[in-house]
Amino acid sequence: MPDRKGLVAGNWKMNMRRADGIALAHAIAERAKEPHACELLVCPPATLIAAVGEALAGSGVALGGQDCHAAPAGAFTGCISAEMLKDAGCSHVIVGHSERRHTCGETDTDVRAKTLAAWRAGLVAIVCVGETRLEREAGGALAVVAAQLAGSLPDGATADKLVLAYEPVWAIGTGLTPTTADIAEMHAAIRARIPAGTRILYGGSVNPKNAAEILAHGEVDGALIGGASLKVEDFWAIGQACG
Ligand code: PEP
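In what follows, the accompanying structure is described. Small disclaimer: the values here were computed from a predicted structure and weren't measured.

A count of helical and extended segments in the protein gives 10 helices and 8 strands. On C-alpha atoms alone, the protein measures out to a radius of gyration of 16 Å, which is about the 18 Å that the 2.2 N^0.38 rule sets for 243 residues. For the protein, the spread of C-alpha atoms along the three principal axes comes to 45 × 45 × 30 Å. Evaluated residue by residue, the protein yields a buried proportion of 51% over its 243 residues. Excluding contacts between residues fewer than 6 apart, the proportion of contacts in the protein whose partners are at least 24 apart in sequence is 72%. When the accessible surface of the protein is summed, it comes to about 10,500 Å², and 55% of that surface belongs to carbon and sulfur atoms. When the 21 basic and 26 acidic side-chain charges of the protein are each reduced to a single mean position, those positions are 2 Å apart.

As structure tokens, this is what we get:
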């Protein structure tokens, strides 16, 4: 990954109560004192951002949100703005995760607006794209992802405020992964459509066993991890495999 520092990001999704989340964050902070070549990022649920931020303070491990609203403030019950995430200590926010695209009905237009909101607030936007199993089986994966990129990425993207995450929907939480060749092919196709130097993470059932092979490929700049980010040893092992 020439000129692109590795990034391993943990998406805790809707997991962790206060005590467990704080304990995990302290354990990650402790581990992060050891040498590691990649950047580490933790994205806890909104209820834990402040507490996890305190536990990670001074560790160099970054803090991110899992989603944001497009507006800076207003009458949007239950939503959180990018500005609020920034205010709570976040440096990153995930937008367009497939669980939001597919269970909350978010469109490329929504993702584009959220990406702009992230940038407006001074956050790095981690924009997720990826095809379904049916789309891959029909031979349409590259076209689907190209369309998501065209619809989701605003003008004005730069490598310092954008990270792409290629997350095939059928690989998330299933234990299935594409071949490294398929991941590399998709990353190369994405790279041709984004500013030079922008990092592209792979996400979907990354674990300590498959991380080294996936992350060794020069097209893969890091990983977005769900399930394996909930155990410090797994998260750390993937971090060690990166970079
Ligand atoms: C994710 O949800 O972003 C993800 C990659 O999940 P998992 O690692 O559990 O497949």
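Still more ground to cover, so stick around.
All right, on to the sheet that holds strand β8 (residues 222-225) then. Strand order around the closed barrel formed by 8 strands is β1-β2-β3-β4-β5-β6-β7-β8, with parallel pairing between neighbours. Averaged over all neighbouring strand pairs, the angle between strand axes comes to 25°, with direction disregarded. As judged from the 2 bridges shared by strand β7 (residues 199-203) and β8, these two strands associate in the parallel manner. From the neighbouring strand, Tyr202 faces β8, where its bridge partner is Ala223. On top of the sheet, helix α7 (residues 141-152) reaches β5 (124-129) and β6 (162-166); it is set at about 150° to β5, its chief contact.

Enumeration according to the criterion identifies 1 aromatic pair in this entry. Directly above the aromatic system of Trp119 lies the positively charged group of Lys161, at a separation of 4.5 Å from the ring centroid.

On to helix α5 (residues 108-121), then. Compared with the 20 Å implied by 1.5 Å per residue over 14 residues, the 20 Å span of α5 between its first and last C-alpha is a close match. Turning to α5, the residues buried within the fold contact α3 (82-87), β4 (92-95), α4 (98-103), β5, α7 and β6. Positive backbone phi, approximately 85°, marks Gly122, located one or two places after α5.

Moving on, we come to the nonpolar core. In this structure, Ile28, Leu56, Leu164, Ile190 and Ile238 are the most contacted members of the largest nonpolar core, which totals 61 residues. Top element by residues in this core is α5. It accounts for 5 residues.

The next point concerns the pairing of β5. Most of β5 is tucked away, with 6 of its 6 residues classed as buried. Neither face of β5 is left uncovered, since the one carrying Val124, Ile126 and Cys128 and the one carrying Ala125, Val127 and Val129 both have all their residues buried. Strand direction decides the pairing type here: β4 and β5, joined by 4 bridges, are parallel. Each bridged residue has a counterpart across the sheet, and for His92 the counterpart in β5 is Val124. Bridge analysis of β5 against β6 gives 5 bridges, and the strand direction is parallel. Directly across from Cys128, in β6, lies its bridge partner Ala165.

Let's shift gears to the site of the ligand. Of all residues adjacent to the ligand, which total 15 residues, the nearest are Lys13, His97, Glu167, Gly173 and Ser205. Gly173 is positioned with one of its backbone polar atoms (N or O) 2.7 Å from an oxygen atom of the ligand. One nitrogen or oxygen atom from the main chain of Gly227 is found 2.9 Å from an oxygen atom belonging to the ligand. For the ligand, the protein covers 95% of the area, taking 290 Å² as the surface of the free molecule. Among the residues making up the shell around the ligand, the classes are represented as 4 nonpolar, 8 polar and 3 charged.

Rules used in this analysis
- Residues numbered from 1 in each chain as written.
- Predicted model: local features only at pLDDT ≥ 70, side-chain atom pairs only at ≥ 80, totals over all residues.
- Heavy atoms only, no water.
- Helix = DSSP H or I, 4+ residues; strand = E, 2+ residues; numbered from the N terminus.
- Rg over C-alpha atoms; globule rule 2.2 N^0.38 Å.
- Buried < 20%, exposed > 50% of the residue type's maximum accessible area, 1.4 Å probe, protein only.
- Contact = heavy atoms within 4.5 Å.
- Areas by Shrake-Rupley, 256 points an atom, 1.4 Å probe, with all protein chains shown as cover.
- Lys, Arg positive; Asp, Glu negative; His and termini not counted.
- Charge placed at Lys NZ, Arg CZ, Asp CG, Glu CD.
- Pairing = 2+ DSSP bridges.
- Axes fitted to C-alpha atoms, helices over the stretch in contact; angles between N-to-C directions.
- Phe/Tyr/Trp six-rings, centres within 6.5 Å; stacked < 30°, edge-to-face > 60°.
- Lys NZ or Arg CZ within 6 Å of the ring centre and 35° of its normal.
- Expected span 1.5 Å × (residues − 1).
- Core = buried A, V, L, I, M, F, W, Y, C linked by side-chain atoms within 4.5 Å.
- Near = heavy atom within 4 Å.
- Polar contact = N/O pair within 3.5 Å; in protein donor to acceptor, adjacent residues only side chain to side chain.
- Nonpolar A, V, L, I, M, F, W, Y, C, P; charged D, E, K, R; others polar.

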